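Each chain, written out:
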Amino acid sequence: MKPEVQPNKIVVLSGAGLSAESGLPTFRDANGLWNNFSLEEVATPQGWAANPEAVLAFYNERRLSAYQAAPNAAHQAIAALDAAYDVVIITQNVDGLHERAGSRNVIHLHGQLAWARGTSPLPKRYRIDAAPVSLGQLCEDGTQLRPNVVWFGEDVQHMDEARQHVASAARVLVVGTSLSVFPAASLVKAARGRAQKVINSLAMKRVPFGFTFLPGKATSIVPALVQTWLEQAR
Ligand code: OAD
């Protein structure tokens, strides 16, 4: 059963483009991570089994970059919505910049770089911030520590909860994602017909049905949109 639409609820679905202007690379744009690294080698369980040291090095580098980056004007604008709306952020990003901008309610579909976990089925998680993980560093259960991120072929976390949030939102903002990775991309389909639906990125191959496409950089588009939404809340 579909949940009721809550008039004061905003869902933001974010991807790597939101953090591009914080200096963090996206995945599929020119010079994106997947143009410079093999996805199979660094972001799959098979890659991990074949060469864990290379996988750890890739994420150690990304963890440090994320830690050194600062939230940009778009992250900050999104965080400002909390003052007037019930906001749920559903992010594919692993960089932690939404929280550092002050957003309170963030669902991480693809995990978080600032956390590590063991490799047993029910592993313990550890907050590591910017610290590197090395081969031989073990979880309390004796298994090798790995980044607490979701690799291709692994289950995406919190999907049911995320879908319910999208389905009950009166406004949906999709920002900085190519919507090419599933199941995260399927969340746009849960948005309701009567919800206001906006998507911002530099370019879009296909705009999801019912969404208004606002092309341009997140740091100029998102603060302007947020300003309008904050004025409408008064
Ligand atoms: P992509 O690299 O696929 O898409 C980035 C999107 O951001 C594109 O649509 C760009 O046009 C847009 N973009 C770039 N710079 C921007 C800017 N300054 N302002 C606004 N938009 C901008 O990144 P994601 O869609 O986030 O998953 O990628 C999804 C998943 O693929 C990631 O979470 C990651 C990756 O493989 C895993 O590793 C599991």
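Above this note sits the structure.
Criteria and thresholds
Residues numbered from 1 in each chain as written. Predicted model: local features only at pLDDT ≥ 70, side-chain atom pairs only at ≥ 80, totals over all residues. Heavy atoms only, no water. Phe/Tyr/Trp six-rings, centres within 6.5 Å; stacked < 30°, edge-to-face > 60°. Helix = DSSP H or I, 4+ residues; strand = E, 2+ residues; numbered from the N terminus. Buried < 20%, exposed > 50% of the residue type's maximum accessible area, 1.4 Å probe, protein only. Lys NZ or Arg CZ within 6 Å of the ring centre and 35° of its normal. Contact = heavy atoms within 4.5 Å. Core = buried A, V, L, I, M, F, W, Y, C linked by side-chain atoms within 4.5 Å.

(A) Main features of the packing of aromatic side chains. Under the counting rule described, the total for this entry stands at 6 aromatic pairs. Both rings, one in Phe37 and one in Phe58, keep their centres 4.7 Å apart while their planes meet at 65 degrees; by these two values the pair is edge-to-face. Placement of Phe37 in the loop between helix H1 (33–36) and helix H2 (39–42) and of Phe58 in helix H4 (residues 52–68) is noted, with a sequence separation of 21 residues between them. Taking the relative accessible area as the measure of exposure, Phe37 reaches 39% and is therefore partly exposed. Classification of Phe58 as buried rests on a relative accessible area of 4%. A centroid spacing of 4.9 Å and a plane angle of 85 degrees characterise the contact between Phe58 and Tyr59, whose relative ring orientation is edge-to-face. These aromatic residues form a ring-pair network of at least three members: Phe27, Trp34, Phe37, Trp48, Phe58, Tyr59 and Trp151. One residue, Arg146, lies across the ring of Trp151, its end atom 3.6 Å from the ring centre.

(B) Examining the environment of Pro45 more closely. Along the chain, the position of Pro45 falls in helix H3 (residues 45–50). Separated by 11 residues in the primary sequence, Pro45 and Leu56 have C-alpha atoms spaced 12 Å apart. Here Pro45 is in contact with Trp151, Phe152 and Glu154, once residues within four sequence places are set aside.

(C) Expanded view of the nonpolar core. By size, the foremost hydrophobic cluster in this structure holds 24 residues, and its most contacted members are Ile90, Leu109, Val166, Val174, Leu179 and Leu187. Secondary-structure elements contributing two or more residues to this core are strand E1 (6–14), strand E2 (86–91), helix H7 (159–167) and strand E7 (169–175). Setting aside residues up to four positions removed in sequence, Ile90 forms contacts with Val11, Val12, Leu13, Ser14, Ile107, Leu109, Ala162, His165, Val166 and Leu187. Within the second largest apolar cluster, 23 residues are counted, among which are Trp34, Phe58, Tyr59 and Val94.

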